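Residue strings, one per chain:
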Amino acid sequence: MQLTKYLQAQGIGSRKQCRQLIEQGRIAINGAPAEHPAAEIEPTQVHSLAIDGEALAVIPLPYYYILLHKPAGYETSHKPRDYPSIFSLLPDHLRATGPQAVGRLDADTTGVLLLTNDGAFNHRQTSPKQHVAKLYRATLKHPAGEELCATLRQGVLLHDDNETVAAAAAELESPHSLLLTLTEGKYHQVKRMVAAAGNRVEALHRLRFGDWDCQGLQPGEWRFIQP
């Protein structure tokens with residue numbers, strides 16, 4: 001891949017802007033100054049990238065996959081209305097490549113959120129036909145017993161919906177802490193299911209999405225993953 005095209009794919013700027021950065025001696029690849037805009041480069045051999053001495057995260061090409069530990073108070077949207085966008089947690093050059101969220105989490109919901117530029121991967125992970133499991137911890141307003149879990153496993157009828165939805169698994173950590181596994185992705189599903197079962201969700205955290213969890217990441221932190 002030509003160097004200018006590579007830098008453009010990294011979200012650094014237009015091809016013209018990237019060429020100017022190279023000609024001005026402002027780009028370093030693997031610690032060495034990049035001198036020739038037309039030079040050929042192997043993307044998999046790029047281990048470090050810097051502009052004016054400032055290191056940038058090297059974006060895997062052509063597709064990348066990001067695990068974000070979503071904090072509370074962020075919207076899963078490129079055009080947020082009431083809170084900052086979760087995409088503002090990413091560096092500028094990565095955000096410029098147009099990542100999309102794999103599903104959504106409410107502004108007050110925390111935990112595992114996947115981001116990618118791979119539309120096929122996004123579809124596979126969110127399609128109800130794929131039955132990708134998502135594990136949530138719901139903090140309940142009212143103390144609950146096994147009856148609540150049994151109801152959720154058997155299925156509840158959501159408001160304004162025509163058919164029941166059931167949890168793949170449901171168990172209590174404590175009277176106020178519910179672990180719920182879902183394989184669908186309906187709007188506000190956890191909160192609506194718990195409400196339909198006679199309780200209320202006070203706080204919600206997604207512990208796992210498919211094979212991924214947030215271990216090792218503080219709220220707001222992210223890392224590249226390989227599916």
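The model shown is predicted, which means the values in this text are computed figures rather than measured ones.

## A closer look at the domain arrangement of the chain
Point 1. For the chain, the assigned domains are domain 1 (3-56), domain 2 (65-126 + 214-224) and domain 3 (134-209).
Point 2. One C-alpha centre belongs to domain 2, the other to domain 3, and the line joining them spans 23 Å.
Point 3. In this complex, domain 2 contributes 14 residues to the contact, which on the side of domain 3 involves nine residues.
Point 4. When domain 2 packs against domain 3, the two sides together hide about 900 Å² of surface, and 44% of this comes from carbon and sulfur.
Point 5. Linking domain 2 to domain 3 there are two salt bridges.
Point 6. Residue K191 pairs with D106 through a salt bridge whose shortest N-O separation is 3.1 Å.
Point 7. Seen at the junction of domain 2 and domain 3, the total is seven residue pairs in polar contact (both at pLDDT 80 or more).
Point 8. For the side of domain 2 that touches domain 3, the element with the most residues is strand β7 (residues 110-116), which contributes five residues.
Point 9. Class assignment for the residues of the side of domain 2 that touches domain 3 results in six nonpolar, five polar and three charged.

What counts, and where the lines are drawn
- Residues numbered from 1 in each chain as written.
- Predicted model: local features only at pLDDT ≥ 70, side-chain atom pairs only at ≥ 80, totals over all residues.
- Heavy atoms only, no water.
- Domains from an automatic or database assignment.
- Contact = heavy atoms within 4.5 Å.
- Buried area = accessible area lost by both parts, 1.4 Å probe.
- Salt bridge = Lys/Arg side-chain N within 4 Å of Asp/Glu carboxyl O.
- Polar contact = N/O pair within 3.5 Å; in protein donor to acceptor, adjacent residues only side chain to side chain.
- Helix = DSSP H or I, 4+ residues; strand = E, 2+ residues; numbered from the N terminus.
- Nonpolar A, V, L, I, M, F, W, Y, C, P; charged D, E, K, R; others polar.

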